[in-house]
Each structure stands twice: as C-alpha cells, then as structure tokens.
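Structure assessment
In case you want the letters, here they are:
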Amino acid sequence: MTAQQKVTVQLIRSPIGCQESHRATVRGLGLRKIRSTSELVDTPEVRGMINKISYLVKVL
C-alpha cells in the first residue's frame, strides 16, 4: 500500500463577508477559526477547493 500525498492548509483570513459557497468550501476543508490548519489528501478535488478560496488560505 502506497502512502498518499498530504497537503496542509491554514485559514489566514475570515470568511465573513464572502460568498456563501466560499464559506461552505472553507468548512468542507475542515477549517473553523483563523490560523486553524487541516491536513488533507492531495487530490484534484481538494486542489480545486483550495484554488477557489486561495485568498483565504495558505498552503503550508
């Protein structure tokens, strides 16, 4: 069994005042508070979610 690649994202800006779909994407990535981090499997779907809210998150 091969190890899956992981990507760590951190919420750096508040989603307050953003579109509802962007807020839902933040929650879908498992991020709650500012500076919270989430380690996710690096898939095209996750990369697309990160790309959608790139102005709110930082990839570590």
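Below, the structure is looked at part by part. (Residues numbered from 1 in each chain as written. Predicted model: local features only at pLDDT ≥ 70, side-chain atom pairs only at ≥ 80, totals over all residues. Heavy atoms only, no water.)

Topic: the environment of V26
By the secondary structure assignment, V26 is in helix α1 (residues 20-28). With relative accessibility at 2%, the residue V26 sits in the buried group. Distance in space between the C-alpha atoms of V26 and I50 is 8.6 Å, their sequence separation being 24 residues. The contacts of V26, once residues within four sequence positions are left out, are L11, P15, L31, I53 and L56. (Helix = DSSP H or I, 4+ residues; strand = E, 2+ residues; numbered from the N terminus. Buried < 20%, exposed > 50% of the residue type's maximum accessible area, 1.4 Å probe, protein only. Contact = heavy atoms within 4.5 Å.)

Topic: the side chain of H22
Residue placement: H22 occurs in helix α1. Here H22 is in contact with K52, I53 and Y55, once residues within four sequence places are set aside.

Quick look at the pattern of salt bridges
Scanning the entire structure with this criterion turns up two salt bridges. The salt bridge partner of E20 is R23, with a shortest N-O separation of 3.2 Å. Placement of both E20 and R23 in helix α1 is noted, with a separation of three residues, approximately one turn of the helix. Here D42 and R47 are joined by a salt bridge, their closest N and O atoms 2.8 Å apart. With relative accessibility at 39%, the residue R47 sits in the partly exposed group. (Salt bridge = Lys/Arg side-chain N within 4 Å of Asp/Glu carboxyl O.)

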